[in-house]
Amino acid sequence: MRILVIGAGVIGTTSAWALQEQGHDVCLIERQSTAAEGTSHANAGMITPGYTAPWPAPKIWRKLPRWLLQTHTPFAISPPLSRRDLRWMLASLRQCRAKCYTANIQAMMALSVYSQAMMARLRDTVPLHYAQRFGGTLQLFRHPVSLTDLRLHTDYLDQREIPYEVLDRAGCLAREPGLERAETPPVSGLYMPQDETGDCCLFTRQLAAAFVARGGEIRYDTPVSGLLVENGHVRGAMDQKGEALRAERVVLCTGHETPALLAPLGLDLPIAALKGYSMTVPLRIPAYGPQSTVLDDTYKVALTRLENTIRVGGIAEIAGGRQGLTRRHLETLRLSLASLFPDSYVAEEAQFWAGQRPTTPTNLPFIAETALAGLYVNAGHGTFGWTMAAGAAALLADLVSGTPSPISAAPYRVRK
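Residues numbered from 1 in each chain as written. Predicted model: local features only at pLDDT ≥ 70, side-chain atom pairs only at ≥ 80, totals over all residues. Heavy atoms only, no water.

Looking at an unreviewed UniProt entry, the chain carries the name D-amino acid dehydrogenase, with the source organism given as Thioclava litoralis. The annotation that UniProt attaches to the chain under Sequence similarities (unreviewed entry) is "Belongs to the DadA oxidoreductase family." (UniProt positions renumbered as here; feature names shortened; annotations may be inferred.)

Have a look at this one:
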């Protein structure tokens with residue numbers, strides 16, 4: 001089949017690759033001049049099935065008021081907000097019930113574990129070099145955490161047979177010796193040895209090049225103005241020059257912009273833009289910095305080693321889709337890094353970035369056919385797009401091709 005995949009971030013590029021692998025004639029459409037210019041450009045760098053969990057959780061009610069009042073916060077709301085944003089927030093809060101949380105985290109972990117297997121398979125197929133490391137993730141607690149609270153997450157790890165270790169201070173320092181110099185020494189940690197790291201932008205661009213080398217087509221600098229619908233069936237897309245790009249199937253991998261493309265067709269998906277921030281700094285003394293990924297539980301910030309740099313990423317800001325950098329959130333990233341790995345980096349050469357994470361109220365992505373025949377969506381992966389990309393692409397390709405998949409597509413369906 002001739003298939004259009006719209007959006008050349010990590011989700012769209014892996015989707016195009018997976019569809020091509022199944023024998024389809026695939027054209028990848030991207031409005032920018034190269035791949036991974038949006039949300040995939042400078043994310044935290046983590047591929048972390050072990051840490052996959054939805055933000056809407058039963059105990060979030062206790063934390064939200066404090067987060068909204070403190071300067072250095074993992075979560076922020078920046079008015080003005082649209083009615084759509086407010087509806088999304090209310091829908092997210094309804095997902096904080098224990099029953100909803102259990103269903104959501106199980107589906108998220110299932111997709112993430114499958115995705116890691118698909119990523120390994122992809123690496124065996126294509127020689128990709130994207131600053132990858134396989135040193136695991138250390139979730140770091142600066143203050144005492146109860147075994148009961150820790151058990152709430154490790155129970156799900158046990159169910160998925162994801163290995164982990166609960167570490168004391170000495171164990172944390174053994175894993176990450178640079179923490180010896182931390183201003184606030186770690187009290188304990190949760191180490192997930194199978195987690196990976198890597199530069200998502202490098203990966204996406206190399207995979208895009210491999211896709212073209214294998215016969216795929218990419219049209220850069222091609223914004224899509226709308227979709228072609230004939231007799232209730234999607235038959236392609238229109239670019240902004242008025243050219244019809246015809247295909248038998250269309251896949252939207254357009255992140256937080258997906259609702260705007262669907263709205264003229266009478267379709268509504270609850271995907272909001274949650275702004276995330278990152279800082280990238282060169283290493284000054286590699287031994288003083290993180291060796292893999294450290295998750296600072298205090299600020300919900302990830303500090304990841306990417307070759308000779310440190311990528312610091314975090315914050316979830318509901319800002320109505322507005323672009324730009326907010327100084328206090330950048331200071332939170334600086335504070336986390338400086339307090340854990342002082343003197344390890346060149347602070348004056350820091351580069352900052354913000355991107356819009358496409359997030360659903362459940363934190364589960366949509367990977368499904370829509371109510372319009374021939375129109376599929378693979379969007380809404382939130383903070384776990386890099387973690388879920390390869391698995392979501394493989395599941396999407398199976399759905400389009402009508403072939404059985406190793407995991408159920410039911411949790412990620414679009415309710416029609």
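Turning our eyes to something else, we now look at the sheet that holds strand β12 (residues 244–246). The antiparallel open sheet is built from three strands, whose spatial order is β10-β11-β12. Two strands lie at the open edges of the sheet, namely β10 (224–230) and β12, each paired on one side alone. Strand-to-strand, the axes of this sheet are offset by a mean angle of 35°, without reference to chain direction. With three bridges connecting them, strand β11 (residues 233–239) and β12 associate as antiparallel partners. Within β12, the position partnered with M238 by the bridge is A244. (Pairing = 2+ DSSP bridges. Helix = DSSP H or I, 4+ residues; strand = E, 2+ residues; numbered from the N terminus. Axes fitted to C-alpha atoms, helices over the stretch in contact; angles between N-to-C directions.)

Here we come to the sheet that holds strand β20 (residues 375–379). Taking strand neighbours across the sheet as the criterion, the six strands line up as β9-β2-β1-β13-β20-β19 in an open arrangement whose pairing is mixed. Strands with a single pairing partner mark the edges of an open sheet, and in this sheet they are β9 (217–219) and β19 (366–369). Strand-to-strand, the axes of this sheet are offset by a mean angle of 20°, without reference to chain direction. Sheet analysis places strand β1 (residues 2–6) next to strand β13 (residues 249–252), joined by four bridges and oriented parallel. Looking at the pairing, I3 lines up with R249 of β13. Across the sheet, helix α7 (residues 200–213) lies against β2 (25–29) and β9, angled at about 125° from β9, the strand it touches most. (Contact = heavy atoms within 4.5 Å.)

By volume, the second largest pocket is sized at about 730 Å³. Forming the boundary of the second largest pocket are 32 residues, of which P270, T360, P361, T362 and F366 lie nearest the centre. Broken down by secondary-structure element, the contributors of at least two residues to the lining of the second largest pocket are α3 (83–94), α4 (98–125) and β14 (272–282). Counting residues per element, the lining of the second largest pocket draws most heavily on α3, which supplies six residues. Across the lining of the second largest pocket, the residue classes tally to 17 nonpolar, eight polar and seven charged. (1 Å grid on protein atoms, 1.4 Å probe; cavity = no way out; pocket = protein on both sides within 12 Å on 5 of 7 lines; lining within 4 Å. Points joined across faces, edges and corners; volume = space filled by probe spheres on them. Nonpolar A, V, L, I, M, F, W, Y, C, P; charged D, E, K, R; others polar.)

With that settled, consider helix α1 (residues 10–21). A rise of 1.5 Å per residue sets the reference length of α1, with its 12 residues, at 16 Å; its end C-alpha atoms lie 16 Å apart and thus fit the reference within 8%. With respect to burial, α1 is a largely interior element, 11 of its 12 residues being buried. Looking only at α1, the buried set comprises V10, I11, G12, T13, T14, S15, A16, W17, A18, L19 and Q20. Looking one or two places after α1, you find G23, whose phi comes out positive at around 95°. (Expected span 1.5 Å × (residues − 1). Buried < 20%, exposed > 50% of the residue type's maximum accessible area, 1.4 Å probe, protein only.)

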